[in-house]
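The lines below spell out each chain.
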Amino acid sequence: MLGEQQTVAPVTEANKGIGRGVAEQLAALGMTVLVGRCGCVSAPETRQPPL
């Protein structure tokens, strides 16, 4: 509907742990939650060598 506002909340790491809990609470309040997660891999030069 025109003129009606909806709150959107982006939540990173919402696939687990605290992020998931936050996302669930915001959704329970009626907000639209955008779920994000980082599947980043460290560059080889920043990785620690195995001991």
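This is a predicted model, so every value here is computed, not measured.

Chemist: Please provide a residue-by-residue account of the overall build of the protein, values included.
Modeler: Secondary structure assignment for the protein yields 1 helix and 2 strands. Start at the N end of the protein and walk to the C end: the helices and strands fall as β-α-β. Within the span of the protein, comprising 51 residues, buried residues form 12% of the whole. Counting contacts in the protein only where the partners sit at least 6 residues apart, residues at least 24 apart contribute 36% of the total. Taken as a whole, the protein presents about 4600 Å² of accessible surface, with 58% of it coming from carbon and sulfur.

Chemist: Summarise the confidence of the model for the protein; cite the residues concerned and give the values.
Modeler: On average, the protein scores 78 in pLDDT, and the residues at 70 or more come to 67%. Between the elements of the protein, mean pLDDT differs from a low of 88, seen in strand β2 (residues 32-36), to a high of 92, seen in helix α1 (residues 17-28).

Chemist: An account of the pairing of strand β1 (residues 8-12) is needed here, citing residue identities and associated values.
Modeler: Along β1, the buried face is formed by Ala 9 and Val 11; none of Val 8, Pro 10 and Thr 12, which line the opposite face, is buried. Sheet analysis places β1 next to β2, joined by 5 bridges and oriented parallel. Along β2, the bridge assignment pairs Val 8 with Thr 32. This β-α-β element, β1 to α1 to β2, shows right-handed connectivity.

Chemist: Tell me about the pattern of salt bridges, and name the residues and values.
Modeler: A complete count under the given rule lists 2 salt bridges for this structure. Here Glu 13 and Lys 16 are joined by a salt bridge, their closest N and O atoms 3.9 Å apart. Under the relative-accessibility criterion, Glu 13 is labelled partly exposed at 29%. Notably, a salt bridge pairs Glu 24 with Arg 20, separated by 3.2 Å at the nearest N-O pair. Of the two residues, Glu 24 and Arg 20 both sit in helix α1, 4 residues apart, roughly one turn of that helix. For Glu 24, a relative accessible area of 46% translates into the label partly exposed.

What counts as what
Residues numbered from 1 in each chain as written. Predicted model: local features only at pLDDT ≥ 70, side-chain atom pairs only at ≥ 80, totals over all residues. Heavy atoms only, no water. Helix = DSSP H or I, 4+ residues; strand = E, 2+ residues; numbered from the N terminus. Buried < 20%, exposed > 50% of the residue type's maximum accessible area, 1.4 Å probe, protein only. Contact = heavy atoms within 4.5 Å. Areas by Shrake-Rupley, 256 points an atom, 1.4 Å probe, with all protein chains shown as cover. pLDDT = per-residue confidence, 0-100. Pairing = 2+ DSSP bridges. Right-handed = clockwise from strand over helix to strand, strands pointing away. Salt bridge = Lys/Arg side-chain N within 4 Å of Asp/Glu carboxyl O.

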